Amino acid sequence: HGMCCFEVGIWEANKMATAFTPHPCSVKGAYKCSGTDCGDGAKGERYMGVCDKDGCDFNAYRMGATDFYGAGPGYALDTTKPM
């Protein structure tokens, strides 16, 4: 058994890239899954589960803001400096 629920990656980042990633599910609330509903990657069922394991991220660079986040003074958020 496993526990499936909607999850949001509020800030997935390193010094070069950042993303905000929702992982929606096709069920409401917390859900006790078993078998294929859990989306077991080791069994080749990753995309058969009730939740989106990859998510649908928002990455500023891919959206056209190529100077928003990165290492160096050419970025609005310079990751070489404390934030």
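Keep in mind that this is a model prediction, so the values were computed, not measured.

Calculation criteria
Residues numbered from 1 in each chain as written. Predicted model: local features only at pLDDT ≥ 70, side-chain atom pairs only at ≥ 80, totals over all residues. Heavy atoms only, no water. Helix = DSSP H or I, 4+ residues; strand = E, 2+ residues; numbered from the N terminus. Buried < 20%, exposed > 50% of the residue type's maximum accessible area, 1.4 Å probe, protein only. Areas by Shrake-Rupley, 256 points an atom, 1.4 Å probe, with all protein chains shown as cover. Lys, Arg positive; Asp, Glu negative; His and termini not counted. Charge placed at Lys NZ, Arg CZ, Asp CG, Glu CD. Core = buried A, V, L, I, M, F, W, Y, C linked by side-chain atoms within 4.5 Å. Contact = heavy atoms within 4.5 Å. Phe/Tyr/Trp six-rings, centres within 6.5 Å; stacked < 30°, edge-to-face > 60°. Pairing = 2+ DSSP bridges. Salt bridge = Lys/Arg side-chain N within 4 Å of Asp/Glu carboxyl O. Disulfide = S-S within 2.5 Å.

Draft legend 1. Seen up close, the overall build of the protein. Along its length, the protein carries zero helices and six strands. Order of helices (α) and strands (β) in the protein, N terminus to C terminus: β-β-β-β-β-β. For the protein, the spread of C-alpha atoms along the principal axes amounts to about 50 × 25 × 20 Å. Expressed as a percentage of the 83 residues in the protein, the buried residues total 24%. Accessible surface computed for the protein: about 5,900 Å², of which carbon and sulfur atoms make up 59%. Looking at the protein, you have 8 positive and 10 negative side-chain charges, and the mean spots of the two groups are 4 Å apart.

Draft legend 2. View of the nonpolar core. Counting residues in each nonpolar core, the largest one holds six residues, listed as Cys4, Cys25, Cys33, Cys38, Val50 and Cys51. Once residues lying within four places of it in the same chain are set aside, the contact partners of Cys33 are His1, Gly2, Met3, Cys4 and Cys38.

Draft legend 3. The arrangement of the packing of aromatic side chains in detail. For the structure on display, the rule yields one aromatic pair. Look at Trp11 and Tyr69: their rings are 6.3 Å apart centre to centre, the planes differ by 80 degrees, and that puts the pair in the edge-to-face class. Here Tyr69 lies in strand 5 (residues 69-70) and Trp11 lies in strand 2 (residues 7-13), a separation of 58 residues in the sequence.

Draft legend 4. Representation of the pairing of strand 3 (residues 18-23). Inspection of the sheet shows strand 2 paired to strand 3 by five bridges, in the antiparallel sense. By the bridge assignment, Glu12 is partnered in strand 3 with Ala19.

Draft legend 5. Focus on the pattern of salt bridges. Scanning the entire structure with this criterion turns up two salt bridges. One salt bridge in this structure joins Asp54 and Arg46, with 2.7 Å as the shortest N-O distance. Taking relative accessible area as the criterion, Arg46 reaches 32% and is therefore assigned partly exposed. Across the pair Arg62 and Asp57 runs a salt bridge, and its minimum N-O distance is 2.5 Å.

Draft legend 6. View of the state of the cysteines. Summed over the entire model, instances satisfying the criterion amount to two disulfides. Here Cys25 connects covalently by a disulfide to Cys51, the sulfurs 1.9 Å from one another. On the sign convention where negative is left-handed, the bridge of Cys25 and Cys51, at about 100 degrees about the S-S bond, is right-handed. Separated by 26 residues along the polypeptide, Cys25 in the loop between strand 3 and strand 4 (31-33) and Cys51 in the loop between strand 4 and strand 5 bring together distant segments of the chain. Here Cys25 and Cys51 have matching classes, each one buried. Disulfide pairing is shown between Cys33 and Cys38; the S-S distance is 2.2 Å. Classification of the bridge connecting Cys33 and Cys38 rests on its S-S torsion, roughly 110 degrees, and on that basis the disulfide is right-handed. Numbered by order of appearance in the sequence, the disulfide-linked cysteines of the protein pair as 1-4, 2-3. Summary of cysteine pairing: Cys5 is not part of a disulfide, and the nearest cysteine sulfur, belonging to Cys25, is at 6.5 Å.

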